[in-house]
Amino acid sequence: MTPSRLALCLLLTGLNLASLPMTAAASIIKKSPNDPATYQAMTLDNGLTVITAHDPGAERAAVAVNVETGSEDDPAAYPGLAHLTEHMLFLGTRDYPAPGAFDTFMSRHHGQHNAYTTLRNTNYHASVSPKALPALIERFSGFFTAPTLDSHYVDRERHAVNAEFSMRLDNDADGRRDAMIQVMNPDSPVHRFTVGNLETLGGDPDRLAQAVRTFYQTHYHAGKMTVALVGPQSQTELQSMARAHFSRVRASDTALPDHERTSPALFEPETLPRTLNVHSRRDQRSVSFMFPIAHNERDIHNKSADFIAGLIGDEGPGSLLARLKAMGWANGLTAGVNQLTGRQALFTVGIQLTPEGARHLDRIQASLFDVVTHIRAGGLLRWRYQEQEQLARQQFRFEDVPDTDNLAIYLSSHAHQYPLTDLRRAPYVMDQFNAPELRAILSALRPARLLRLYSGPDIQGQKTSPWFKASYTTHAVTAWPDAEPLDGLRLPSPNPYIARNLTPEGPERQPPARLVDLPEMDIWYQGTRQFHSPRTAWRLSLQTPRANASAREQILTSLLARWWIDSLSSTLYHAATAGQQIGAYSHARGITLSLTGWRDRQPLIIKRMLTQLKTGAIQADDVERLTTELRQSLISQRQNPAWQRLAAALHPLTVMPAFTEQQQQQALKGITASDLRAFRARFINHLHLEGMITGDITQDHALQAVEAIKQQLHPNLTDTAIDTPAPQYPTRQAPAWTIPVDDGNHAVIRYLQWPSRDERTRAAAAVLGQWIASPFYNQLRTEQQLGYVVRAGYQSILDAPGIMMTVQSPTHDGDDLSQRIQTLIQALHPPATPKALAPYQKNLVRELLKKPRTLDELTSRHWQALGMNTLGTHPRQRMADAVRALTPDDVQAAWKQALESPSITLHARPSDKAVPPPAPDWGLRPLPPAPAMKNAP
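Residues numbered from 1 in each chain as written. Predicted model: local features only at pLDDT ≥ 70, side-chain atom pairs only at ≥ 80, totals over all residues. Heavy atoms only, no water.

As annotated in an unreviewed UniProt entry, the protein carries the name Protease 3 and is attributed to Larsenimonas rhizosphaerae. Taken from UniProt, the Cofactor (unreviewed entry) comment for the protein reads in full: "Zn(2+)". According to its UniProt record, the protein has this under Function (unreviewed entry): "Endopeptidase that degrades small peptides of less than 7 kDa, such as glucagon and insulin." (UniProt positions renumbered as here; feature names shortened; annotations may be inferred.)

What follows is the structure in structure tokens.
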């Protein structure tokens, strides 16, 4: 399984277990002033560490258990066994032996759960409504005290692992990693096949089941576990639940191995320097420059490698990326540390190349080393470090309230990594400028220690990687070719966008209201300090009648948005590093400007962005680079997983107007810089403006900024001049549409629609989406083992209700999958009594009425409501009321209507064909609009 939303986990608390007596708890508060939670820790008598977080405002409760074991501990006979064991723990315990019992419980309590296995850790996590937390912990703790590990399901679950492996076979990132570890030290734990498949987990199922039990007995004990509980319950309640259930976990009877000190070197002597060229299945090219470095993940104070990565990864004027873009050689660059073991990492600079850039790898490499030389000569200055330290302090001071799910994952998975007193603030600490360490890292960034990995479709390798079948070639380098670095490279100047005024100024809290109500301009405002942060979010939708009138104009709108942000990337990069989230994206009505961050200096940023949109030079080289990138992106979508290909194909069927990938590719041909300049002129001269300003800003300051925006843009159209996309629905049944895919898997999407989008219908559809998720998964994934991707749930198209059912399988074709789906849904019956229906209603109402905990969340809600013309009409409350009013008869009638109405079925079939056949005739028609709900004044 894969982590859900793991990328958001950059948080949380400060605790000290070393001084605690057994089963005693103490609270050590080292946290952001913005964090409402209190944190405590205790060590149970069995040696298990428990961290509890009491968040009085939490509307969800979560539990996570981290086990310090992973693929590094796989026995040689069974690569992937740690991953298989992770899967098995969800399939029954002594007290709840049914393999689907946990999923059924989670579905009834609006729960979410997942797990992931890494090289050194396995993490299990789940969240529910707070009242259900005691019952969740009772069931969840059974995974670690008495799982059934049933031999029958071991045999079936290895097919699920194999399906997950099969789903990743065409993934270029997995192919690159598979090729890369072939040149690494075979004794390193990194040199592992971690996923598992039917080959590595094959053989006698009873022997495999015994291997799972042995692995569990060896590695799943209290000394390797950290439990995190997060919820609105008191510390006493959380700790009582932990003691009652996790004290039963078996105590450790052996000393734990010290992985940090025993891991062999990442590369054997004489391996580097080296080139590694890997075939890319997608029409995309990249190069990564990788250097092994010593890097202690427990040392939180210096951030020395991150500091150097920031200098190399700078995108401002004179930066490596800015110069590469000017040459037409690259579209993006990242620099950072990839921690592989406790004390070893790869310092990596990755560059997204254009086809032209792929012809100049030696000059790009020479330019990288020229930047490193500049850093050695004049980059290690204290003011640069202090600037980064100041930004980190600002982020920590005004940190967003953490999401309960991710907080639990973070606390459990990082407790063994950081000193517990600094666990909360570890990602933000940067308080020791260590010049000797900085110079030591720079000394490791030299040609003699370089692994250069190039990936592109032009590579025809001499070898094939063992697991993901990546074609590659590799050569030791005796001397790198001489090459001339690019001129004009320089290090960044002081950041002019660092916020100086962080004093709150907005009203305490007020409802959203119209700030400007003109025929050509509709701007909403909500001033609020509820998030205790001097941040403001701006959304400005620049709407024009021709943004989506044809495939060509849709492509031109997309290119204009891409050019806009790309042309500002160098100028406003330092604004982004100073805490501003800057973006622009195209949509059916035009382009939306998005800006969220410190209130200070935002009007200057908006003025700079709009000036660039209106008068910035659109250069031919930039347009050629961006059209090439967009073309590659469209072509590469064919390599997406089969189920994603179907989801992309569904969109133009259910929304009008929308265009297929083939129509977009055709429209992109022949577009020039002159075409884009002409389109920009038409775009700018025919505008309607819609916007939302939310956060810590006064109404007067918001009005001043809006007046400046009006003077820059001169909007001149009413909203009636703007075409509005509309959902479509089928009026007749038609055969499945079979779409060829490069993926080796088959897939099916069955989309059930209702011919109405009133609130009552949407409420019933949302309840049915919750209800169907668990039986659909249990039957088709757990029992029938059709594949790894098996899901069903509510999926609206704009405001039109629907239920999407998705299955991807390496072994069953589309016809078989469709028949199995049809058999299942015909046999399912929605809740028939108020008691059976109530849990789904309560869960959905709770989710609808959940308070936003961050400015981003509040802004997203308002922006979505504004797009649906419901802002100010309390749409979530009205939907909650509609859900509460449902009866079992309503829900059963809605289910009957969905099954009897025409539906859309898509099949994915592995094929070499690039273009799908014509779509069947479903008689698609625009869905009648819902009863009008006028925005509040």
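(A) Structural context of the environment of Asn 302. Mapped onto the secondary structure, Asn 302 falls in the loop between β9 (285-294) and α9 (304-312). Taking the C-alpha atoms as reference points, Asn 302 and Leu 368, separated by 66 residues in sequence, lie 24 Å from one another. When residues no more than four places from it in sequence are discounted, the contact partners of Asn 302 are Tyr 385, Met 430, Gln 432, Asn 434 and Glu 437. In terms of polar contacts, Asn 302 uses its side chain to reach the side chain of Glu 437, at 3.0 Å. (Helix = DSSP H or I, 4+ residues; strand = E, 2+ residues; numbered from the N terminus. Contact = heavy atoms within 4.5 Å. Polar contact = N/O pair within 3.5 Å; in protein donor to acceptor, adjacent residues only side chain to side chain.)

(B) Representation of the packing of helix α4 (residues 151-167) against helix α23 (residues 759-783) in the model. Put simply, α4 and α23 touch, their axes get as near as 9 Å, and they point 95° apart. In terms of orientation, α4 lies roughly perpendicular with respect to α23. For the pair formed by α4 and α23, the contact residues are Tyr 153, Arg 156, Glu 157 and Ala 160 on the first element and Arg 781, Thr 782 and Glu 783 on the second. Considered class by class, the residues forming the contact of α4 with α23 number two nonpolar, one polar and four charged. (Axes fitted to C-alpha atoms, helices over the stretch in contact; angles between N-to-C directions. Parallel < 35°, antiparallel > 145°, perpendicular 65-115°, else oblique. Nonpolar A, V, L, I, M, F, W, Y, C, P; charged D, E, K, R; others polar.)

(C) Molecular detail of the sheet that holds strand β28 (residues 925-926). Reading across from one edge, β20-β22-β28 is the order of the three strands in this open sheet, with antiparallel pairing throughout. Edge strands, defined here as strands with exactly one partner in the open sheet, are β20 (655-656) and β28. (Pairing = 2+ DSSP bridges.)

(D) Quick peek at the layout of surface pockets. Here the second largest pocket defines a volume of roughly 420 Å³. Asp 172, Ala 173, Arg 176, Arg 282 and Gln 284 are the residues nearest the centre of the second largest pocket, which is lined by 24 residues in total. Looking at the lining of the second largest pocket, the elements with two or more residues in it are α5 (172-180), β9, β11 (344-353) and α18 (620-636). Counting residues per element, the lining of the second largest pocket draws most heavily on α5, which supplies four residues. (1 Å grid on protein atoms, 1.4 Å probe; cavity = no way out; pocket = protein on both sides within 12 Å on 5 of 7 lines; lining within 4 Å. Points joined across faces, edges and corners; volume = space filled by probe spheres on them.)

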